[in-house]
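For reference, the chains in residue letters:
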Amino acid sequence: MGAAIASTPPAGARRRLSDLLYSRRGLLLLALLAPPLLWFGVIYLGSLFALLANAFFGLDDFTGQVVREFTLKNFVELASPANLDVMRRTVAMAVAVTLACVALGFPLAYLMARHATGPWKAACYILVMLPLWSSYLVRLYAWKLLLAKEGAISWVAEATGTTWVIDALLSLPAIGGPSLSFSTLGTFVVFVYMWLPFMVLPIMASVERIPASLIEASGDLGAPPSTTFWKVIAPLSMPGVAAGSIFTFSLTLGDYIIPQVIGDSTLYIGQVVYRQQGVAGNIPFAAAFSLVPIFVIGVYLWVAKRLGAFDAL
């Protein structure tokens, strides 16, 4: 008991420390943020540097062991036609999913931010967040059943006489396949469903911050609704669109489970990294390939910043 009392700082020292932290708010903020920032720097940035270092190592073809000698062989292999095709396919899918999420999410977000009130707004919140309350794999395999050849979507199409629409879509060379669950179109649909809430919520928060007086002033000055949207609402909501697109674009770039469960045999970046690291044991090449989405996201953020998408953040 005496040792515990002796180890306690005197009241005067505690008071001086409290006065110092109160008078210097920046010091208090630094003291609060130092532990998480240190953890972030050691764990996250440290793992990224380790990943970058492994990308410059090689693999012994005979023993399968990592050879810790500097080489650019992995980056040369990235330029092969097959790997470039995987990159193009993944980036194209990420762009398509992002554009679809913007097209679907913006009207819903605007409705929630400007028109829905009370119970209706709460209901919209629940509808948007409800998919996130269930497991990722449960939602994925539920869509696997819905998109199957004998699934609910095919049954509804057959009952309504619209089977020809699905057959026409599946006959397209770029997006078709034997069924919706084994096609690029099915992969795209599931991607959009999975990431749509991550687009709706940032846009809604951005639209809510737009002063209603600006929209009213635009109308009072004689601007039609279309002009008000493109000249007032769209530019001011761009930070929310940019934030949501970062989620949808990056999540699509790195996901390897959805293309493995929904879709045909075409590969995406996430699948290549998973197979090289988990199946082939080629950690250096997997590390080099995993740097591709990091580079793509970096370029995207740079372009978005140049376009002023983050000015109002």
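These numbers come from a predicted model, not from an experiment. (Residues numbered from 1 in each chain as written. Predicted model: local features only at pLDDT ≥ 70, side-chain atom pairs only at ≥ 80, totals over all residues. Heavy atoms only, no water.)

(A) Structural detail: the overall build of the protein chain. On a plain count of helices and strands, the protein chain comes out with 16 helices and two strands. Relative to its full complement of 313 residues, the protein chain shows a buried share of 33%. Across the protein chain, the fraction of contacts at a sequence separation of at least 24, relative to all contacts at a separation of at least 6, is 66%. If you sum the accessible surface of the protein chain, you get close to 18,800 Å²; carbon and sulfur atoms cover 71% of it. (Helix = DSSP H or I, 4+ residues; strand = E, 2+ residues; numbered from the N terminus. Buried < 20%, exposed > 50% of the residue type's maximum accessible area, 1.4 Å probe, protein only. Contact = heavy atoms within 4.5 Å. Areas by Shrake-Rupley, 256 points an atom, 1.4 Å probe, with all protein chains shown as cover.)

(B) Layout of the packing of helix H10 (residues 184-208) against helix H13 (residues 238-254). At their nearest, the axes of H10 and H13 sit 7 Å apart, and the two run at 160° to each other. Classified by the interaxial angle, the pair formed by H10 and H13 is roughly antiparallel. At the point where H10 passes H13, the crossing takes the right-handed sense. Contacts from Phe 191, Trp 195, Phe 198, Met 199, Pro 202, Ile 203 and Ser 206 of H10 reach H13 at Pro 239, Gly 240, Val 241, Ala 243, Gly 244, Ser 245, Phe 247, Thr 248, Leu 251 and Thr 252. Classifying every residue of the contact of H10 with H13 by side-chain character gives eleven nonpolar, six polar and no charged. (Axes fitted to C-alpha atoms, helices over the stretch in contact; angles between N-to-C directions. Parallel < 35°, antiparallel > 145°, perpendicular 65-115°, else oblique. Left-handed = near helix turned anticlockwise from the far one by under 90°. Nonpolar A, V, L, I, M, F, W, Y, C, P; charged D, E, K, R; others polar.)

(C) Broad picture of the environment of Ala 223. Relative to the elements of secondary structure, Ala 223 occurs in the loop between helix H11 (212-220) and helix H12 (225-236). In this structure Ala 223 touches Ser 218 and Thr 228, once residues within four positions along its chain are discounted.

(D) Region of the structure containing the nonpolar core. Counting residues in each nonpolar core, the largest one holds 36 residues, and the members touching the most others are Val 97, Leu 140, Val 190, Ile 203 and Ile 258. Put simply, the parts of the chain that give this core at least two residues each are helix H5 (81-115), helix H6 (119-129), helix H7 (136-147), helix H9 (163-170), H10 and helix H14 (257-261). By residue number, the principal contributor to this core is H10, which donates eleven residues. Setting aside its immediate chain neighbours within four residues, Leu 140 contacts Val 190, Met 194, Ile 257, Ile 258, Val 261 and Ile 262. In this structure, Leu 253, Ile 269, Leu 291 and Ile 297 belong to the second largest nonpolar core, which totals 17 residues. (Core = buried A, V, L, I, M, F, W, Y, C linked by side-chain atoms within 4.5 Å.)

(E) Up close: the side chain of Asn 282. Relative to the helices and strands, Asn 282 resides in the loop between helix H15 (269-279) and helix H16 (283-306). What makes Asn 282 buried here is its relative accessible area of 15%. Excluding its chain neighbours within four sequence positions, the residues that come into contact with Asn 282 are Leu 59 and Gln 276.

(F) Representation of H13. Here H13 spans 24 Å end to end across 17 residues, near enough to the 24 Å set by a 1.5 Å rise per residue. Inspection of H13 places Pro 239, Gly 240, Val 241, Ala 242, Gly 244, Ser 245, Thr 248, Phe 249, Thr 252 and Leu 253 among the buried residues, and these make up the whole buried set. The inward-facing, buried residues of H13 contact H5, H10, H12, H15 and H16. (Expected span 1.5 Å × (residues − 1).)

(G) Highlighting the packing of aromatic side chains. A complete count under the given rule lists twelve aromatic pairs for this structure. Where Phe 285 meets Phe 289, the ring centres are 5.7 Å apart and the plane angle is 85°; that geometry is what we call edge-to-face. You can see Phe 285 and its partner Phe 289 sitting in helix H16, four residues apart, about one turn around the helix. Classification of Phe 289 as buried rests on a relative accessible area of 0%. Here a set of aromatic residues connected by ring pairs shows up, and it is made of Tyr 136, Phe 191, Trp 195, Phe 198 and Phe 247. Across from the ring centre of Phe 182, 4.0 Å away, lies the NZ or CZ of Lys 144, which sits over that ring. (Phe/Tyr/Trp six-rings, centres within 6.5 Å; stacked < 30°, edge-to-face > 60°. Lys NZ or Arg CZ within 6 Å of the ring centre and 35° of its normal.)

(H) Examining the side chain of Asn 74 more closely. Among the structural elements, Asn 74 can be located in helix H4 (residues 73-78). You can call Asn 74 buried: its relative accessible area is 5%. In this structure, Asn 74 is in contact with Asn 54, Ala 55, Phe 57, Pro 284, Phe 285 and Ala 288, ignoring residues within four places of it in sequence.

(I) Spotlight on a nonpolar patch on the surface. Together, Phe 40, Tyr 44, Leu 45, Phe 49 and Leu 52 give the surface a local cluster of nonpolar side chains, amounting to about 500 Å² of exposed area. Under the relative-accessibility criterion, Leu 52 is labelled partly exposed at 37%. (Patch = residues over 30% accessible without salt bridge, like charges linked within 9 Å, V, L, I, M, F, W, Y side chains within 5 Å. Salt bridge = Lys/Arg side-chain N within 4 Å of Asp/Glu carboxyl O.)

(J) Spotlight on the pattern of salt bridges. Using the criterion set out here, one finds two salt bridges in the structure. The salt bridge partner of Arg 89 is Asp 85, with a shortest N-O separation of 2.4 Å. Taken together, the residues span about one helical turn, with Arg 89 and Asp 85 both in helix H5 at a distance of four residues.

(K) Here's a closer look at the confidence of the model for the protein chain. Averaged over all residues, the pLDDT of the protein chain is 83; the fraction at 70 or higher stands at 89%. When pLDDT is averaged over each element of the protein chain, H5 comes out on top at 92 and helix H1 (residues 2-7) at the bottom at 48. Segment residues 1-6 is flagged for pLDDT under 50; beyond a separation of four residues in sequence, or across chains, it makes zero contacts in the model. (pLDDT = per-residue confidence, 0-100.)

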